[in-house]
Amino acid sequence: MSSILILNGPNLNLLGTRQPEVYGSTTLADIEEMCSAHAARLGVEVSFAQSNHEGVLIDHIHSAKGTHGGIILNAGAYTHTSIALMDAVASVELPMVEVHLSNIHARESFRHTSYISRVAIGQVCGFGARGYLMAMDALAERLAAP
Ligand code: DQA
């Protein structure tokens, strides 16, 4: 199934105005537009969701099963805290690529731990908005593999 869910977590709705020195000035709407254009180039379908609430993110992950072939997840700060999100991804058994705009490994030590990485096929971080397109390339290739 060549359909991808791009799921963004807490505070990512504020992209564009939120700490632009760290996250850039691209808004979430801009990113979604870039991803839609890239999906057309790749020949895949793409859907978007964002929530500031852990349980709502978990519900989106559960709903992806049977609807989408894979997930691109920027879980924001829940990356570093949420065993529940990690378990949700493991439960649906869909390939998931973890994305971060910033290079979490070059930042505060509490950002170096990612529960999400444990259930991801890979992680893209440090490339800003472009990271979502890189993740789409990787996931589309995985979904097309026999
Ligand atoms: C982030 C990195 C997280 O540490 C942070 O809490 C975010 C954004 C990123 O995209 O760089 O909210 O996921």
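Calculation criteria
Residues numbered from 1 in each chain as written. Predicted model: local features only at pLDDT ≥ 70, side-chain atom pairs only at ≥ 80, totals over all residues. Heavy atoms only, no water. Buried < 20%, exposed > 50% of the residue type's maximum accessible area, 1.4 Å probe, protein only. Helix = DSSP H or I, 4+ residues; strand = E, 2+ residues; numbered from the N terminus. Pairing = 2+ DSSP bridges. Arc of directions from axis to C-beta. Contact = heavy atoms within 4.5 Å. Near = heavy atom within 4 Å. Polar contact = N/O pair within 3.5 Å; in protein donor to acceptor, adjacent residues only side chain to side chain. Areas by Shrake-Rupley, 256 points an atom, 1.4 Å probe, with all protein chains shown as cover. Axes fitted to C-alpha atoms, helices over the stretch in contact; angles between N-to-C directions. Parallel < 35°, antiparallel > 145°, perpendicular 65-115°, else oblique. Left-handed = near helix turned anticlockwise from the far one by under 90°.

### Looking at the pairing of strand S1 (residues 3-8)
Stage number 1. Of all six residues in S1, six are buried, a share of seventy percent or more.
Stage number 2. Residues of S1 alternate between two faces, with Ser3, Leu5 and Leu7 on one and Ile4, Ile6 and Asn8 on the opposite face, all of them buried.
Stage number 3. Where S1 lies against strand S2 (residues 45-50), six bridges are found, and the strand directions are parallel. Bridge pairing links Ser3 to Glu45 in S2.
Stage number 4. Sheet topology note: the S1/strand S3 (residues 70-74) ladder contains five bridges and is parallel. Looking at S3, one finds that Leu7 is bridged to Leu73.

### A look at unusual backbone geometry
In terms of backbone geometry, most residues other than glycine have negative phi values and most peptide bonds are trans.
Stage number 1. With a phi angle near 75 degrees, Asn11 is a residue other than glycine that sits in the positive phi range.
Stage number 2. Take Asn11: it is sitting in the loop between S1 and helix H1 (20-23).
Stage number 3. The partly exposed category is assigned to Asn11, whose relative accessible area is 36%.
Stage number 4. Phi angles above zero are rare outside glycine, and Glu93 is one such case at about 55 degrees.

### A closer look at helix H3 (residues 54-64)
Three- or four-residue spacings in an α-helix give side chains the same orientation, since the helix completes a turn every 3.6 residues.
Stage number 1. Residues Leu57, Ile58, Ile61 and Ala64 constitute the buried set of H3. An end-on view of H3 places all buried positions within 115 degrees of arc, on one side of the element.
Stage number 2. For H3, the elements touching its buried residues are S1, S3 and helix H4 (83-92).
Stage number 3. With its phi angle positive at about 90 degrees, Gly66 sits one or two positions after the end of H3.

### Re the site of the ligand
Stage number 1. Around the ligand lies a shell formed by Arg18, Tyr23, Asn74, Gly76, Ala77, His80, His100, Leu101, Ser102, Ile104 and Arg111.
Stage number 2. At a separation of 2.8 Å, an oxygen atom of the ligand approaches a polar backbone atom of Leu101.
Stage number 3. Within the complex, 99% of the 320 Å² of free accessible area of the ligand lies under protein.

### Here's the deal with the packing of helix H2 (residues 28-42) against helix H5 (residues 130-144)
Stage number 1. Two elements in contact, H2 and H5, have axes whose closest approach is 10 Å; the angle formed by their N-to-C orientations is 30 degrees. Classified by the angle between their axes, H2 and H5 sit roughly parallel to one another. In the crossing of H2 with H5, the sense of the turn from one axis to the other is right-handed. Listed contacts from H5 to Ile31, Met34, Cys35, His38, Ala39 and Leu42 of H2 are Arg130, Tyr132, Leu133, Met136, Asp137 and Ala140.

Bear in mind that shape data such as this cannot, by itself, settle questions of function.
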